[in-house]
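# Secondary and tertiary structure notes
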Amino acid sequence: MDKFEKLALEAIEESKSSSYTPQDPFVSFGFDANPFLETSIEDLQNEECIESRFRMVIKYINKVHNSFLENHNKKKKDSDTVIMDGVLYGSSQSGVSTLISLVHQYLIKVHKELANTVFSDAKELVEFEDNQYSIAKTIQNFRNFIGSQNTGGDTISLLIIDHADFLIDFFEDFRYALDRDFQNTPIVFIFSQGGWTRLKNQLAFSDYDLINSMVPSQQINSLNKDEIFEILSLKLSKNKQIQNPFTKEILQTISKKASGSLLNAIKICTKVCEECFYNGLDISSLSLINDVTSFLAIDVNKEFFDLVTLNDNTQTFILALITMKSTAYDFGVTYDDIVNNLGIQKTSAAHHLKQLQERRYVIKRTVNRKAFYRLREELKTISDTYLMKSFEQKETHVRLESISNLV
């Protein structure tokens, strides 16, 4: 064995005991881990912006429960069951799921009559196969889940379903199936603003009784830039000091550019941290923030905001339709959706959709040779907050195709 062969074998043997794991950029700046991976009760208790929303949701859920009891007692002698549901809705990417989960934890802790409330997440229970919702499997998943949570055998006092946008395509079938399986159990559905607007339009044509039997819906306010700044500051601080590579000015800029979307803000912060780590920068700069928002295509938020708040034309109507169809597993709006609801030619619809694509507002997808247009994730909060509100004020009813009828 020559000298270099011996050295090679020794080096290989020595290297077996060591390995390299890429360091998390957040850890390199002094964080224990990525601060956005989870949110603790302690974190939420420090967020003042959550307090009013927390109180409002608790009050609304209790109102649904009281309304159900009152109506149930009135119809006690009838053989018919009582469907008395509630709806909470808010802008996408505004921390609604975290809020609802927190509410559930404390609701079962302090409210004896609602101690047997079951919280479920439709996003985890809905089955989607071969470009279609599997309704039977989804309903069975809910049956199994609710049964597994109700181990005491007592009557379920209330069911909360988060991410209810995933149920819109087959909402009537789902609701009546659960009414058969869990009779006289009220449900509080949690929708996005676009999803709730779409469902109301759908039920107006198919089963308006389901809306009539509901407690009036309640909106959860979206986050403003100051509230997003508060959340980011708490998440990115140690001992009440904002950590590198962030500063107060940097976080204020990010909060403004996020346009009300907590997800956008987190995306920007994460990318900024990565860029600073890999480029050896201790502190971020405003120019880097601009580069990151452009790279993530969040820089179009301002012009999109201007479009949906300052204009009321064919394109904003099309964008409203697209917003309603950009939920859950839906592919998006079709030419037929646009033509049938606006009464325009396909050539005109194609012209507007091409412009919206060029501006990076929508994404095109082709399924079974049919084109679908969906709103980009980064624009959902703005659209929910402003465009849907404007659309609702028109009191216009639209009919949108469901996936089941398309593929």
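These lines cover the structure that appears in this document, whether it is placed above or below. Computed from a predicted structure; not experimentally measured.

In this structure the tally under the stated criterion is 17 salt bridges. With its nearest N and O atoms 3.0 Å apart, the salt bridge here joins Lys325 to Asp337. Remark: Asp337 occurs in helix α17 (residues 335–342) and Lys325 occurs in helix α16 (residues 314–325); sequence separation between them is 12 residues. The same class applies to Lys325 and to Asp337, which are both buried. If you follow the salt bridges from partner to partner, you end up with Asp169, Arg198 and Asp330 in one network.

Bringing the nonpolar core into the picture now. In globular proteins that are soluble, nonpolar side chains generally tend to be buried together. With 37 residues, the main nonpolar core has Ile161, Leu167, Phe171, Phe174, Phe189 and Phe191 as its most contacted residues. Elements supplying a minimum of two residues to this core: β1 (86–90), α6 (122–125), α7 (135–149), β5 (158–162), α8 (171–181), β6 (187–192), α9 (193–206) and α10 (209–212). Looking at this core element by element, the count peaks at 4 residues for α8. Setting aside residues up to four positions removed in sequence, Phe189 forms contacts with Asp85, Gly86, Val87, Leu88, Ile161, Ala164, Leu167, Phe171, Phe174 and Arg175.

Geometrically, the link from Asn244 to Pro245 is a cis peptide bond, its omega value of 10 degrees lying close to zero. Note that Pro245 resides in the loop between β9 (241–242) and α12 (248–257). Of note in the backbone geometry, Asn239 takes a positive phi value of approximately 55 degrees without being a glycine. Among the secondary structure elements, Asn239 is positioned in the loop between β8 (237–238) and β9. Judged by its relative accessible area of 78%, Asn239 falls in the exposed class. The residue Asn368 is not glycine, and still its phi comes out positive at about 50 degrees. With respect to the element layout, Asn368 can be found in the loop between β10 (362–367) and β11 (370–375).

About the thresholds
- Residues numbered from 1 in each chain as written.
- Predicted model: local features only at pLDDT ≥ 70, side-chain atom pairs only at ≥ 80, totals over all residues.
- Heavy atoms only, no water.
- Salt bridge = Lys/Arg side-chain N within 4 Å of Asp/Glu carboxyl O.
- Helix = DSSP H or I, 4+ residues; strand = E, 2+ residues; numbered from the N terminus.
- Buried < 20%, exposed > 50% of the residue type's maximum accessible area, 1.4 Å probe, protein only.
- Core = buried A, V, L, I, M, F, W, Y, C linked by side-chain atoms within 4.5 Å.
- Contact = heavy atoms within 4.5 Å.

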